[in-house]
2 protein chains.
Amino acid sequence: MPEVAIAGIGQTGVGEHWDVSLRELGFRAMDAAMQDAGGIRPSALFVGNMLAPSLSRQAHLGALLADFAGLTGIESILVEAAGASGAAALRQGYLAVRSGMVDSALVVGVEKFTDTIGPGAEAALATASDSDHEALHGLTPTAQAALIMQRYLFEYGVPQGGLAGFAQLAHANGAGNPNAMYQKAIKPEAYLETDMVCDPVNLFDIAPLADGAAAVLLARLEDLPAEHPYPPVVISGSGQASDTLALHDREDPLAFSALKMAAGKAFQQAGLTTEAVDFLEYHDAYSVFAALSLEASGFAAPGKGWELARAGELSLDGWLPCATLGGLKARGNPGGATGVYQAVEAALQLRELAGRNQVKGARVGMIQSLGGPAATAVCHILARPGN
Amino acid sequence: MPEVAIAGIGQTGVGEHWDVSLRELGFRAMDAAMQDAGGIRPSALFVGNMLAPSLSRQAHLGALLADFAGLTGIESILVEAAGASGAAALRQGYLAVRSGMVDSALVVGVEKFTDTIGPGAEAALATASDSDHEALHGLTPTAQAALIMQRYLFEYGVPQGGLAGFAQLAHANGAGNPNAMYQKAIKPEAYLETDMVCDPVNLFDIAPLADGAAAVLLARLEDLPAEHPYPPVVISGSGQASDTLALHDREDPLAFSALKMAAGKAFQQAGLTTEAVDFLEYHDAYSVFAALSLEASGFAAPGKGWELARAGELSLDGWLPCATLGGLKARGNPGGATGVYQAVEAALQLRELAGRNQVKGARVGMIQSLGGPAATAVCHILARPGN
């Protein structure tokens, strides 16, 4: 089976793009990735998107974006798995190239959460939870995260402000990312002073919903042009798994067992363990998700994830740099695009093009994307070849 | 690369399922396919669905259906490509097994078009066309089909009632399918006497929107249990392509060039030509689509597709049996499920289990699914091994 490389990357800034249509937003990232790939023309398009049918009244994004980007004729689909849509599209592109049936795959994640028509983002987002048993009773994604966080604080005796480290880390790193929605570090006391949204989730526990698009062009490693200007990056591990959609169906709401399985598969395929990972992009849609992700994927013992953030061990010069370009919290959370942003950011690190946010000597990075409270989990290991 | 077989099939009846939830509908088809596969447990789930986020306020169907069917943990995604969603999910499942990274894939197409909440099916369906340039101006899918049909009638000088053969054929075959929505043949004069919907598209030119679910379980041919009760069926060709989403962007609205490409790819992979095809399941969402599909994929010369239907050459004992279990017109059109229904029906033919609708000696069948007016086209060739 062919080894799959990331031949090109592209992204737009994350924020409110009221002057840019959904298709234009997607196109900008796709075009940047194709140019970056130095002439490799994709033979398939995989679109990760979560809510365009509801918020922009536009489905069938595969055909729309293929045509709008001048790729009329290539096969194209939309992949949806809630907040993990982009990462799931990445896995489908990876499997397609891996199958030998598709020469090269353009994967784009695109989402417009602001300036929308329709029911509003929070109501639309609730369609990603169990509609009959959760959304219908008013359980929004943030309320769901609050239940999980409350349990986490109680179960592990976390002190007040114990999760503050995740937001501090994210904003410190966002300050060095010109595409981040928030490019400003926050003061240590800001977390305790900010507004409560859904107790105990405060404003700094939530990644901001935003607009944005990111794209990667996948090709066989052997097909990369000899004159390609960047050191190659390959996908050395890929895993995906699911959990119950409804939170009340879980034996342990703090387990994130889908992520545990997905990470396990990715590690197994790559022949690596946590020790080999130079940096991690976790899915910090809520700060408690970051803590639980560290724990589910073996980087921290249960109940200890938050301590890593507090101790500064997740900083760029720490033991395990995380959210290296701001994560969902500071780069912003454009839904179905986030998983592809992570791939772009990991590729920047592995190309050593992350500027002042560069993780020194980064050879192996893991990216993790979640749909809902890890009802879907997708995990990829990106690496310089030979690692 | 492994040869991919259809190890199990399942379907629900097509019609109005007001007493069955979306998840229950999907589960029934999935469960039937798993039982039919004789104990092969799927390692991945691919859901084809078009409008559940709009019409049932339920996204994230991959995780939901995996859990509801007792498959909690397996990887799962939703694939959307308008009316071709089910067929596109089939292709993703095929690529996944073909890649060697997924042992077995359950593909389910599920759709509830009736008894819905939200904006109503026709408005939701319009999201599958170009929202900014078509839907916004009131161009519904049926109006789009009317423009195409008008052009077809004019361009090729088709006499009044010239397309009647497609509906007659479909209803004649639907009469032999216990899962069809309409199980009654129609009289020859019915086509000319029925109501006009959107001139020149009349009630018999439109496949009825319906509820339904169908599923196939894909596995490596070599992994089929020795005691499997049915002769094996393999996917010997698979192709997909796209066209402009907006009709006004096409050089020739009668070309269905995406289908031409998709069929060409499938033929090339299988090493076959049209002569080898024993039966064809085309996408007769509108009767003119059936005519154009026959022409685009090489079964008829441009402008001659309708004559095949009129001459009876598409009947079960004709030169090229089509819509052998009723097609979209009589079996019904449950949107994102239709492409999987076609796979189930083709497998029934190749297993020689199609009852009174059996195509004698069927060894090779082609199935074709379209999203919008062939903005997405997906084509598969199913065959008894060795053909």
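Facing 57 residues of chain A, the contacting portion of chain B comprises 57 residues. Interface area, chain A with chain B, both sides summed: about 4,300 Å², of which 52% is carbon and sulfur. By the criterion of area lost to chain B, the three top residues of chain A are A:His60, A:Glu75 and A:Met101, representing 16% of everything that side buries. Our count for the contact surface shared by chain A and chain B stands at six salt bridges. Salt-bridge contacts for B:Asp130 lead to A:Arg23; the nearest nitrogen and oxygen are separated by 2.7 Å. Our enumeration of links across chain A and chain B arrives at 32 residue pairs in polar contact (both at pLDDT 80 or more). Those elements that place two or more of their residues in the side of chain A that touches chain B are α2 (52-55), α3 (61-68), β3 (75-80), α4 (85-98), β8 (234-242) and α9 (257-270) of chain A. Here the side of chain A that touches chain B takes seven residues from α4(A), the largest share from any one element. Of the residues contributing to the side of chain A that touches chain B, the split by class is 25 nonpolar, 21 polar and eleven charged. Here β3(A) runs beside strand β3 (residues 75-80) of chain B; their pairing, made up of three bridges, is antiparallel. Paired with A:Glu80 across the bridge in β3(B) is B:Leu78.

Residues and elements named next belong to chain B. Counted residue by residue, strand β10 (residues 364-371) has eight buried out of eight residues, so it is predominantly covered. Where strand β9 (residues 279-281) meets β10, three bridges bridge the pair, whose relative direction is parallel. Across the sheet, Glu281 pairs through a bridge with Ile367, a residue of β10. Direction of pairing for β10 relative to strand β11 (residues 376-383): antiparallel, over a ladder of eight bridges. Across the sheet, Gly365 pairs through a bridge with Leu382, a residue of β11. Here β10 folds back onto β11, and the loop between the two strands holds four residues, one of which, Gly372, carries a positive phi near 60 degrees.

As a further point, take the nonpolar core. Counting residues in hydrophobic clusters, the biggest one holds 86 residues, and the most contacted among them are A:Ile6, A:Val216, A:Leu218, B:Ile6, B:Val216 and B:Leu218. Each residue touching A:Val216, except ones within four places of it in the same chain, is listed here: A:Ile6, A:Gly8, A:Ile9, A:Ala33, A:Leu90, A:Ala105, A:Leu106, A:Val107, A:Val340, A:Ala343 and A:Val344. Of all hydrophobic cores here, the second largest spans 61 residues; its members include B:Leu259, B:Tyr282, B:Phe289 and B:Ala383.

Often the size quoted for an interface is simply the accessible area lost on bringing the parts together. Residues and elements named next belong to chain A. When the domains of chain A are assigned, the result is domain 1 (4-117 + 209-223) and domain 2 (119-206 + 236-383). Between the C-alpha centres of domain 1 and domain 2 there is a distance of 22 Å. If you look at the interface, domain 1 gives 44 residues, while domain 2 gives 40 residues. In this assembly, domain 1 packs against domain 2 so that about 3,100 Å² is buried in total across both faces, 66% of it on carbon and sulfur atoms. Joining domain 1 to domain 2, the criterion identifies one salt bridge.

A few words now on the confidence of the model for chain A. Residues of chain A with pLDDT of at least 70 account for 99%, and the chain-wide mean is 96. Interface scoring of the predicted complex returns ipTM 0.98; its pTM is 0.98.

A word on the relation of the copies chain A and chain B. Overlay of chain A on chain B (RMSD 0.0 Å): rotation 180 degrees, translation along the axis 0.0 Å. In short, the pair behaves as if placed about a two-fold rotation axis. Closest to the rotation axis within chain A is the C-alpha of A:Ser99, separated from it by 1.8 Å. Both copies present the same face, since 100% of the interface residues in chain A are matched by interface residues at the equivalent positions in chain B.

Once that is clear, we can look at the pattern of salt bridges. In the structure shown here, the tally under the stated rule is 26 salt bridges over all chains. In this structure, A:Arg384 engages A:Glu352 in a salt bridge whose closest nitrogen and oxygen atoms are separated by 3.6 Å. Of this pair, A:Arg384 sits in the segment after β11 (376-383) while A:Glu352 sits in the loop between α13 (338-350) and β10 (364-371), and the two are 32 residues apart along the sequence. The class for A:Arg384 is buried, based on a relative accessible area of 15%. Notably, a salt bridge pairs B:Glu307 with B:Lys304, separated by 3.7 Å at the nearest N-O pair. Accessibility expressed as a relative area gives 41% for B:Lys304, which makes it partly exposed. Several salt bridges converge on common partners, so that one network encompasses A:Arg23, B:Asp130 and B:Asp132.

Residue and element names in this part refer to chain A. Scanning all chains against the criterion turns up zero disulfides over all chains. With no disulfide of its own, Cys379 has Cys322 as its nearest cysteine by sulfur position, at a separation of 12 Å. Taking relative accessible area as the criterion, Cys379 reaches 0% and is therefore assigned buried.

Moving on to the packing of helix α6 (residues 141-156) of chain A against helix α10 (residues 287-296) of chain A. All names here are of chain A. Packing of α6 against α10 brings their axes to within 10 Å, and their N-to-C directions diverge by 60 degrees. When the interaxial angle is binned, α6 and α10 end up oblique. For α6 against α10, the interelement crossing comes out left-handed. Across the interface between the two elements, Ala145, Ile148, Met149, Tyr152 and Tyr156 from α6 touch Val288, Phe289, Ala291, Leu292 and Glu295 from α10. When the residues that make up the contact of α6 with α10 are grouped by side-chain class, the tally is nine nonpolar, no polar and one charged.

Attention now moves to the side chain of B:Ser129. By the secondary structure assignment, B:Ser129 is in the loop between α5 (121-125) and α6 (141-156). Judged by its relative accessible area of 5%, B:Ser129 falls in the buried class. Of the polar contacts made by the side chain of B:Ser129, one reaches the backbone oxygen of B:Ala126; its length is 2.7 Å. Not counting residues within four places of it along the chain, the set of residues in contact with B:Ser129 comprises A:Gln58, B:Glu134, B:Ala135, B:Leu139, B:Gln144 and B:Leu245.

The rules behind these values
- Residues numbered from 1 in each chain as written.
- Chains lettered and ligands numbered in written order.
- Predicted model: local features only at pLDDT ≥ 70, side-chain atom pairs only at ≥ 80, totals over all residues.
- Heavy atoms only, no water.
- Contact = heavy atoms within 4.5 Å.
- Buried area = accessible area lost by both parts, 1.4 Å probe.
- Salt bridge = Lys/Arg side-chain N within 4 Å of Asp/Glu carboxyl O.
- Polar contact = N/O pair within 3.5 Å; in protein donor to acceptor, adjacent residues only side chain to side chain.
- Helix = DSSP H or I, 4+ residues; strand = E, 2+ residues; numbered from the N terminus.
- Nonpolar A, V, L, I, M, F, W, Y, C, P; charged D, E, K, R; others polar.
- Pairing = 2+ DSSP bridges.
- Buried < 20%, exposed > 50% of the residue type's maximum accessible area, 1.4 Å probe, protein only.
- Core = buried A, V, L, I, M, F, W, Y, C linked by side-chain atoms within 4.5 Å.
- Domains from an automatic or database assignment.
- pLDDT = per-residue confidence, 0-100.
- Least-squares fit on C-alpha atoms with pLDDT ≥ 70 in both.
- Disulfide = S-S within 2.5 Å.
- Axes fitted to C-alpha atoms, helices over the stretch in contact; angles between N-to-C directions.
- Parallel < 35°, antiparallel > 145°, perpendicular 65-115°, else oblique.
- Left-handed = near helix turned anticlockwise from the far one by under 90°.

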